[in-house]
4 protein chains.
Amino acid sequence: MKNTFGSSVSVTVFGESHGAAIGAVLDGIAPGIPVDEDFIAHQMKLRQSVGVLSTARREADSVRIVSGVFGGRTTGTPITFIIENQDTRSKDYGELAYKARPGHADFSAQMKYHGFQDFRGGGHFSGRITAGIVAAGAVAISALRGKDIKIGTHILSCGGVYDRPFNDLNADTDRLSDMEFAVLDDDRAVKMQAAITAAKEDGDSVGGRLETAVTGVPAGVGEPWFDTLESVLAHALFSIPAVKGVEFGAGFAAADMLGSQCNDCFRNENNSVTAATNNNGGILGGITTGLPILFRTAVKPTPSIFKEQQTIDLNSLDNTTLQIKGRHDPAIVHRARVVADSVTALVLCDQLAMRFGTDWLKA
Amino acid sequence: MKNTFGSSVSVTVFGESHGAAIGAVLDGIAPGIPVDEDFIAHQMKLRQSVGVLSTARREADSVRIVSGVFGGRTTGTPITFIIENQDTRSKDYGELAYKARPGHADFSAQMKYHGFQDFRGGGHFSGRITAGIVAAGAVAISALRGKDIKIGTHILSCGGVYDRPFNDLNADTDRLSDMEFAVLDDDRAVKMQAAITAAKEDGDSVGGRLETAVTGVPAGVGEPWFDTLESVLAHALFSIPAVKGVEFGAGFAAADMLGSQCNDCFRNENNSVTAATNNNGGILGGITTGLPILFRTAVKPTPSIFKEQQTIDLNSLDNTTLQIKGRHDPAIVHRARVVADSVTALVLCDQLAMRFGTDWLKA
Amino acid sequence: MKNTFGSSVSVTVFGESHGAAIGAVLDGIAPGIPVDEDFIAHQMKLRQSVGVLSTARREADSVRIVSGVFGGRTTGTPITFIIENQDTRSKDYGELAYKARPGHADFSAQMKYHGFQDFRGGGHFSGRITAGIVAAGAVAISALRGKDIKIGTHILSCGGVYDRPFNDLNADTDRLSDMEFAVLDDDRAVKMQAAITAAKEDGDSVGGRLETAVTGVPAGVGEPWFDTLESVLAHALFSIPAVKGVEFGAGFAAADMLGSQCNDCFRNENNSVTAATNNNGGILGGITTGLPILFRTAVKPTPSIFKEQQTIDLNSLDNTTLQIKGRHDPAIVHRARVVADSVTALVLCDQLAMRFGTDWLKA
Amino acid sequence: MKNTFGSSVSVTVFGESHGAAIGAVLDGIAPGIPVDEDFIAHQMKLRQSVGVLSTARREADSVRIVSGVFGGRTTGTPITFIIENQDTRSKDYGELAYKARPGHADFSAQMKYHGFQDFRGGGHFSGRITAGIVAAGAVAISALRGKDIKIGTHILSCGGVYDRPFNDLNADTDRLSDMEFAVLDDDRAVKMQAAITAAKEDGDSVGGRLETAVTGVPAGVGEPWFDTLESVLAHALFSIPAVKGVEFGAGFAAADMLGSQCNDCFRNENNSVTAATNNNGGILGGITTGLPILFRTAVKPTPSIFKEQQTIDLNSLDNTTLQIKGRHDPAIVHRARVVADSVTALVLCDQLAMRFGTDWLKA
């Protein structure tokens, strides 16, 4: 479905970086959920990350809701979020119009759209399109909170610097949700930012890892085989630009474990089923066990760097070189954090609505 | 869609480990593709892995095709593969009937199906169900070969022992396809098997990593955002039991790279677009670049081990202990290899049919 | 999805008229629903209609369930129904192998499948494939009855002879369910059968209309716009071979009404919302009102007739003539009745599971 | 998918009658198709029908395209059409806020959305939402014309007055496309309009029938069983508000035919496969034969009438009466005509892209 995801609750994104507007349509979310425009604006701001790390002075993205909300609550019909692009004047894109930027979708888009794609600023492939996902995700996050389901993501690593692991999931996830640079250990955050600054000063960029925990999802959600919760979450997470890996629980490290180390042995503690380890990330056979859902996402370094790079001409396919100019973030992992929360919330709303019916998320 | 995957080309799986039969329905594959029953049997045998590592004496799974093939070729209508279960006599499952095996889907299935699920041998969650996927995948692999698209997977690691990396992709993938224990370096294979044997003797099990390369897929295949080729491949790969991680190109290692290291700089060599590195795994913006598609999959250790484990009673949820008996593989990564090839082939057939039309794969 | 229908509850059909076997996979139906093999056999018998009208001596279709049922109840995982074809010996199909039978799919299938389709007896386009739908539908009908939802279909007209209209819906639908020739007025049934016999004696065939009523579906089921309940039911009903029209409530007659005649004025009678008329067939804005769902389906006359017909050669496309031999039903509307009930039940199970959750139909 | 339809080419609608804006997102249409804003405006005007029959003075709906078009051509990424609502000031809706209008979705929406729906002017169920479909449909119609596929719909009947049948399909469809009141025989148009006026003067309304022909679709398009072209077209047509019946070819009249009358006997005329009759509407086995696709759609009379009607209070469910005021069209069949063309075009673009690939419609 290309730009639409989900079955009972679905989201559709549209727009190009330098087109008239971008946005999203969120369909199927239960009626009666309060829509808090301040919270949406807050999430948008986190995605933009207008703080110290980004020299680019950005105007705050303003989200206009044109349908699906009535009297401050969801109606149950499609909610449309429109974000006008501020800077759409035509300008000279110079060599970016015909040279494939390495690490970007320019060449693959050319092969798919035959030159008709809007190339400006990456067009439909721009990370800017995630703004619509974040707006829709904000409503999904609100709906889940009404059912005591909480999502928290921290920057597990950035530029090779690692954060401390999750500790008290409830306290950690609460705190992370409001952080622009979501790191659990402040000292590590300083070191990560130093790594970003160093890369930037060298005209280069860094990547990182996100780690996400979800608490409060009941056991018994997900499907066997082709719609395991891992399948569906991974599907959505790989939609985030620059994501190159997704792992659940122990993930790739599980490959080096013995079965006796990897198995999470169930325990009944105070009438609640739990386990001392969570190497399976709260999912067995594709279905939730009631333990926290836990996964990590790899984010590659920003492909826009200021060093001269070899590449090809999009039309002639001849070899050439490219020198990207202008302002670009030397890291995006901190901005991708709120996008990861958003797609996770959208997937869970969909799964819960399918499992328990379309009214289940109703406030 | 739970047990169905794909749009233009889709596969549906069914069955339980100890039910009457298991199988799959493959729909939408182009008409006219030769169906080689020997090749299907060969793939089935690779999945069963009746060699030295498996003490379990298994009878070869026999695949019966009851529809969709006429005169030795696909008709274009659903192909149904049925594999009768050999051993379905009722027996005493003892404590396995009511105790949740750690690392298995017993508990999550109980929460979803309320005790109505067929618990015997894991029921519908058994790895045995992959036999249907392998049968359908064999037809998909044949169809792709007709278009010079080749898939090769090796055991990148097992029990902590690593294989050599891919070298000459064409030679490597050709060779791997026929190997029961698909490792590129024979010495490493011996060491991996030693690790498996050691775990087995200790009543334990080991996991591993698979690495897959696909050559010959044209540039321009895949979709932006919610149906990136990474999204769709990861969706299918996480359907394979025991898979806990999927990464493309450099994957999680990309998170530690600088942009200048991670970007694959395009080069025109002999009128073919390529690059010296393939950190993006042949996919940018979710769409193929024409470089080989490259990904790795993490397989956790077999959850069935012979050490006593703590767990809960499925009905009372009381704490208890469990001692699994019988015969179980101390590793499954070598058997999962052909399953990874199969789901990859099914995803690619679907993507290619959507991109170029339902007749494109026709012989 | 070609041969798969439904989202939360889905059915996949497979098989060819003269292949090894036909059947269906029913996925997503709630766990715990009793599966009554006698009822399935009963429904199969109604579809076969081995009574006075069909000279063809048919062996009863025997349905084998190979998955998804455990201890006599649904497990919640895919239920596979397999019906072996009795007569699959190769024989000389003569001119049927290369001449397009008018009214059949021979020519359109040739254009789609390029000659690779199994032509014998219509292959995958044979009405015989509905046997799988009826088997799956029997489980769906049982599930709905557990929630007091009843479906009844009568032959509204056949060969130009009309049945009396529905009168007491509960009594009528109960009675219809067991009838092989489901007509409310016995005298009309005799006249219809006389029309069929007359056509048969002339080497010709007749068509008819089915009228279906569903009681007990709660208000608030269905979706606006692209998944109106009318859209989804019509989609499924047009899947039945020979159906050329579907109408809800007053249907085409509504086009000739005034608004003041067509509007169903709501009334509260004994704390139940109802109306004196049901011109909208229980659906407004695509969503149920709680009034009975009411629709009619047009079934064209059996295309296999014994008169010589003009047609073309499938390979050369040259003009030629065709003389069909053998045994064919001079009417199928009475056999299509149980198929209409079945697809209706499958659609409703899907809609109800999406609306109220996957456990709602659980016994 | 509720408000989204289609697979390879899909459309999503959003908005409420008196919300901020309505619109649609068209995804998957091939890149490079010219987007003619004048033609879109023309189609919008036909839908609004601001001519003699509608006393309501409407401002022309202005369509703003905010994504997916670059340099006057489709990019291949989602095209978003936004139509601002002109009159969204709050006003006193009086009894319409809490009384169920007969024939409208007020009551069924209340049962689904629990009072959170935007009730103003029918909210999301308003016929106004079809404006988004018409905008998207205009691009689809343009794309099809580029492949010589033409769609023509006439008002077959209105208020009991019938138009002449199709005669020369090419000439007829060309002429119909530009007509605001699309009737082939001008004298019948006058009589239909007299019937509308008579109903209007009596505070009542009339319904009608639409008949659509599509020429130029190649043979071999469509799928067996659950995605027959009839299934998919009917699915989309029943999404149009007020449609209560859909029939293909001879439709319900086929139920009264003999097989020898109903079968369309193939003939090769000048190397083209055709038939003297088209009782199957160009579709056999769900797949096109290459003959014109032919179907009819029943449109019920406008439910908004000015006579006092019985109904219930939406909150208390008590019996009450309702008197609708203001301006409402006494007929909508002539306005529904362009909507029928639009959904037909969207369905065909989707089917053709699935069959022949996503580039097939490219100019």
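Details of the structure are given in the entry above.
In short, a report on the structure. Note that the structure is predicted; figures quoted are calculated from it, not measured. (Residues numbered from 1 in each chain as written. Chains lettered and ligands numbered in written order. Predicted model: local features only at pLDDT ≥ 70, side-chain atom pairs only at ≥ 80, totals over all residues. Heavy atoms only, no water.)

The subject of this paragraph is the overall build of chain A. Counting its secondary structure elements, chain A contains eight helices and 18 strands. The C-alpha atoms of chain A give 21 Å as radius of gyration, which agrees with the globular expectation for 363 residues (21 Å, within 12%). Projecting the C-alpha coordinates of chain A onto the three principal axes gives extents of approximately 65 × 50 × 40 Å. Sorting the 363 residues of chain A into buried and exposed places 67% on the buried side. (Helix = DSSP H or I, 4+ residues; strand = E, 2+ residues; numbered from the N terminus. Rg over C-alpha atoms; globule rule 2.2 N^0.38 Å. Buried < 20%, exposed > 50% of the residue type's maximum accessible area, 1.4 Å probe, protein only.)

Before going further, it helps to examine the sheet that holds strand E2 (residues 10–15) of chain A. Residues and elements named next belong to chain A. One open sheet holds the five strands; their spatial order is E1-E2-E3-E7-E4, and the pairing between them is antiparallel. Strand pairing shows two members of the sheet lacking a second neighbour, strand E1 (4–5) and strand E4 (64–67), which therefore form its edges. Along the sheet, helix H3 (residues 130–145) makes contact with E2, strand E3 (21–27) and strand E7 (79–84), crossing E7 at roughly 140°. (Pairing = 2+ DSSP bridges. Contact = heavy atoms within 4.5 Å. Axes fitted to C-alpha atoms, helices over the stretch in contact; angles between N-to-C directions.)

This brings us to the packing of aromatic side chains. Applying the stated criterion across every chain yields a total of 30 aromatic pairs over all chains. Centroid distance Phe252 of chain C to Phe252 of chain D: 5.9 Å. Interplanar angle 65°. Geometry classified as edge-to-face. Of this pair, Phe252 of chain C sits in the loop between strand E11 (243–248) and helix H7 (259–262) while Phe252 of chain D sits in the loop between strand E11 (243–248) and helix H7 (259–262), on two different chains. For the pair Phe252 of chain C and Phe252 of chain D, a shared accessibility class is recorded, and that class is buried. (Phe/Tyr/Trp six-rings, centres within 6.5 Å; stacked < 30°, edge-to-face > 60°.)

In this section: the environment of Lys325 of chain D. Checked against the element boundaries, Lys325 of chain D lands in the loop between strand E18 (319–322) and helix H8 (333–356). In this structure, the C-alpha to C-alpha distance between Lys325 of chain D and Glu95 of chain D, residues 230 residues apart in sequence, is 10 Å.

Here chain C sits on chain A after a turn of 180° about the axis and a move of 0.0 Å along it, with an RMSD of 0.0 Å. Accordingly, the operation relating the two chain copies is best matched by a two-fold axis. The position closest to the rotation axis in chain C is occupied by the C-alpha of Gly357 of chain C, lying 1.9 Å away. In this assembly, 100% of the residues forming the interface of chain C have copies in chain A that are likewise at the interface, indicating an isologous arrangement. (Least-squares fit on C-alpha atoms with pLDDT ≥ 70 in both.)

A few words now on helix H6 (residues 229–237) of chain B. Counting buried positions along H6 of chain B gives nine out of nine residues, so the element sits mostly inside the fold. Inspection of H6 of chain B places Leu229, Glu230, Ser231, Val232, Leu233, Ala234, His235, Ala236 and Leu237 of chain B among the buried residues, and these make up the whole buried set.

The next point concerns the relation of the copies chain B and chain A. Rotating chain B by 180° and moving it 0.0 Å along the rotation axis overlays it on chain A with an RMSD of 0.0 Å. In this assembly, 100% of the residues forming the interface of chain B have copies in chain A that are likewise at the interface, indicating an isologous arrangement.

When the parts of a complex come together, some accessible area is lost, and that lost area is often taken as the interface size. With eight residues of chain C at the interface, the matching set in chain A holds eight residues. Carbon and sulfur atoms make up 33% of the surface buried where chain C meets chain A, a total of about 620 Å² over both sides. Looking only at chain C, the three residues that lose the most surface to chain A are Met354, Arg355 and Thr358 of chain C, adding up to 54% of its buried area. For the pair chain C and chain A, the number of links is two salt bridges. Among the ionic pairs, Arg355 of chain C bridges to Asp359 of chain A, the shortest N-O distance being 3.2 Å. (Buried area = accessible area lost by both parts, 1.4 Å probe. Salt bridge = Lys/Arg side-chain N within 4 Å of Asp/Glu carboxyl O.)

All names here are of chain D. Mapped onto the elements, Ile332 comes out in the loop between E18 and H8. Note: C-alpha distance between Ile332 and Arg164 (168 residues apart in sequence) is 20 Å. With residues near it in sequence (within four places) discarded, Ile332 still touches Ala242, Val299 and Thr302.

Judged by nonpolar contacts, the single largest core of 163 residues is most densely connected at Ile40 and Phe81 of chain C together with Ile40 and Phe81 of chain D. In this view, Ile40 of chain C contacts Val35, Val63, Ile65, Phe81, Ala135, Ala138 and Val139 of chain C; residues no more than four positions away in its chain are not counted. Judged by nonpolar contacts, the second largest core, of 162 residues, contains Val217 and Val338 of chain A together with Ile40 and Leu229 of chain B. (Core = buried A, V, L, I, M, F, W, Y, C linked by side-chain atoms within 4.5 Å.)

Taken residue by residue, the interface counts 102 residues in chain B and 102 residues in chain A. With both sides pooled, the region where chain B packs onto chain A buries about 8,200 Å², and carbon together with sulfur makes up 60% of that total. Linking chain B with chain A are six salt bridges, by the criterion used here. Glu223 of chain A is the salt-bridge partner of Lys112 of chain B, the closest N and O atoms lying 3.2 Å from each other. Along the contact surface separating chain B from chain A lie 60 residue pairs in polar contact (both at pLDDT 80 or more). Where strand E11 (residues 243–248) of chain A and strand E11 (residues 243–248) of chain B come together, three bridges link them in antiparallel fashion. (Polar contact = N/O pair within 3.5 Å; in protein donor to acceptor, adjacent residues only side chain to side chain.)

Each pocket or cavity is described by its volume, and for the second largest cavity that value is around 120 Å³. Along the wall of the second largest cavity there are 16 residues; nearest its centre are Gly28, Gly76 and Thr358 of chain A together with Lys112 and Tyr113 of chain D. Its residues assigned to classes, the lining of the second largest cavity shows five nonpolar, five polar and six charged. (1 Å grid on protein atoms, 1.4 Å probe; cavity = no way out; pocket = protein on both sides within 12 Å on 5 of 7 lines; lining within 4 Å. Points joined across faces, edges and corners; volume = space filled by probe spheres on them. Nonpolar A, V, L, I, M, F, W, Y, C, P; charged D, E, K, R; others polar.)

Another aspect to go through is helix H4 (residues 169–176) of chain C. All names here are of chain C. Of all the residues in H4, the buried ones are Leu169, Asp172, Thr173 and Leu176. Angularly, the buried residues of H4 cover 95° about the axis, an arc narrow enough to put them on a single face. The inward-facing, buried residues of H4 abut strand E8 (150–158), strand E10 (208–215) and helix H8 (333–356). By the N-cap criterion, in which a side-chain oxygen at the helix start approaches the backbone nitrogen of a residue two or three places on, H4 is capped by Asp168, the distance to Asn170 being 3.1 Å. (Arc of directions from axis to C-beta.)

The strand order E9(C)-E8(C)-E10(C)-E16(C)-E11(C)-E11(D)-E16(D)-E10(D)-E8(D)-E9(D) describes an open sheet built from 10 strands, whose pairing is antiparallel. Each of the sheet's edge strands pairs with one partner strand only, and the pair in question is strand E9 (161–162) of chain C together with strand E9 (161–162) of chain D. Pairing geometry for strand E8 (residues 150–158) of chain D and E9 of chain D, over two bridges, is antiparallel. Residue pairing in the sheet places Ser157 of chain D in a bridge with Tyr162 of chain D of E9 of chain D. Sitting on the sheet, H8 of chain D touches E8, strand E10 (208–215) and strand E16 (293–299) of chain D, and the angle it makes with E8 of chain D is about 150°.

Turning our attention to the pairing of strand E12 (residues 266–269) of chain D. Residue and element names in this part refer to chain D. Here E12 runs beside strand E13 (residues 272–275); their pairing, made up of four bridges, is antiparallel. Looking across to E13, one finds that Phe266 is bridged to Ala275. With antiparallel pairing between neighbouring strands as the criterion, E12 and E13 make up a hairpin whose turn holds two residues, including Asn270 at a positive phi of roughly 55°.

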